[in-house]
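The primary structure of each chain is shown beneath.
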Amino acid sequence: MSVSYGGTAIPSGDQSPSAGKGTDFGLVLPGFQSSSRVFTINNIGQGALDLTAMPRVQFSGSNPSDFGMTAQPSTPVAGGGSTTFSLQFFPSAPGLRTAIVTISNDDPNHNPYTFVIQGQGAIQISGTVRTSVGQALSGVTMSGLPDNPVTDSNGNYYDNVTYGWSAIVRPTLSPYSFTPPSRSYSNVAGNQTGQDYT
């Protein structure tokens, strides 16, 4: 048997999660969930392939409860056929979260079939930008945040960063100057709300 994501093979025993293989789920805020990702089990043999565990896809390792299966594969899989399953990431805390996916089966060459998945529990930086008289200011670019977000019509902005993130953030909009002119962040370990400017 083999497993793939969007046509990209995930070797059995793979320990290098990546976006291309669908095994790195990226940044997700704790308390939220990623979109489901669909993986394909291919039966490359001639005989039927049986998936022998229940549930058919299992999680172990450091953070198994931060990942889940939203659709199970079917079994048996006919020779030359395939079946799919879907996984989702819902971090319980900030930082790197990992798990080992195990698919037990009756293929003597790939039993069990395992690979590592991961995601980052994100941290959110958020605040409001207002003029000196308290009016919401839209169109301010928050330079230094990963996505350089721009304040909305209410003057609000937010962006997600990784655990341990460090940078200097500066609000920019000509011809305005701001107080404070910038904010420094070092090894951020939790959400930073109320990061306001005037």
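The structure this text deals with has already been given above.
An account of the accompanying structure is given in this report. Predicted model, so just to flag it, every value in this text is computed and none were measured.

### Remarks on the overall build of the protein
In step 1: Along the backbone of the protein there are zero helices and 14 strands.
In step 2: Counting from the amino terminus, the protein carries its helices and strands in the arrangement β-β-β-β-β-β-β-β-β-β-β-β-β-β.
In step 3: In terms of overall size, the protein is more extended than a compact globule, its C-alpha atoms giving a radius of gyration of 22 Å where 198 residues would be expected to give roughly 16 Å.
In step 4: Seen through its C-alpha atoms, the protein measures out along the principal axes to roughly 75 × 25 × 20 Å.
In step 5: Split into buried and exposed, the 198 residues of the protein put 40% on the buried side.
In step 6: Element-wise, carbon and sulfur atoms account for 47% of the exposed surface of the protein, whose accessible area totals about 9,500 Å².
In step 7: When the 7 basic and 10 acidic side-chain charges of the protein are each reduced to a single mean position, those positions are 10 Å apart.

### Quick look at the environment of Leu51
In step 1: By the secondary structure assignment, Leu51 is in the loop between strand 4 (37–42) and strand 5 (58–60).
In step 2: Here the alpha-carbon distance between Leu51 and Asp106, two residues 55 residues apart in the chain, equals 6.8 Å.
In step 3: For Leu51, the residues in contact, after removing those within four places along its chain, are Ile41, Arg56, Pro73, Ser74, Thr75, Ile103, Ser104 and Asn105.

### Observations concerning the sheet that holds strand 4
In step 1: If you walk across this open sheet you meet the five strands as 2-1-4-7-6, and the pairing is antiparallel. Among the strands making up the open sheet, the edge pair consists of strand 2 (8–10) and strand 6 (67–71). In this sheet, adjacent strand axes meet at a mean angle of 35 degrees when their direction is disregarded.
In step 2: As paired strands, strand 1 (residues 2–5) and strand 4 are joined by three bridges and run antiparallel to one another.

### Digging into the packing of aromatic side chains
In step 1: By the definition in use, this model includes eight aromatic pairs.
In step 2: Seen in terms of ring centroids, Tyr5 and Phe39 are 5.3 Å apart; in terms of plane orientation they differ by 40 degrees. Their pairing is tilted. One end of the pair, Tyr5, is in strand 1; the other, Phe39, is in strand 4, and 34 residues separate them in sequence.
In step 3: For Tyr5, a relative accessible area of 23% gives the class partly exposed.
In step 4: Among the aromatic residues, ring-to-ring pairing joins Tyr5, Phe39, Phe85 and Phe115 into one connected group.
In step 5: Here Arg37 stacks its cationic end above the ring of Phe25, 4.7 Å away from the centre of that ring.
In step 6: Taking the ring centre of Tyr197 as reference, the NZ or CZ of Arg183 above it sits at 5.0 Å.

Reading guide: rules and limits
Residues numbered from 1 in each chain as written. Predicted model: local features only at pLDDT ≥ 70, side-chain atom pairs only at ≥ 80, totals over all residues. Heavy atoms only, no water. Helix = DSSP H or I, 4+ residues; strand = E, 2+ residues; numbered from the N terminus. Rg over C-alpha atoms; globule rule 2.2 N^0.38 Å. Buried < 20%, exposed > 50% of the residue type's maximum accessible area, 1.4 Å probe, protein only. Areas by Shrake-Rupley, 256 points an atom, 1.4 Å probe, with all protein chains shown as cover. Lys, Arg positive; Asp, Glu negative; His and termini not counted. Charge placed at Lys NZ, Arg CZ, Asp CG, Glu CD. Contact = heavy atoms within 4.5 Å. Pairing = 2+ DSSP bridges. Axes fitted to C-alpha atoms, helices over the stretch in contact; angles between N-to-C directions. Phe/Tyr/Trp six-rings, centres within 6.5 Å; stacked < 30°, edge-to-face > 60°. Lys NZ or Arg CZ within 6 Å of the ring centre and 35° of its normal.

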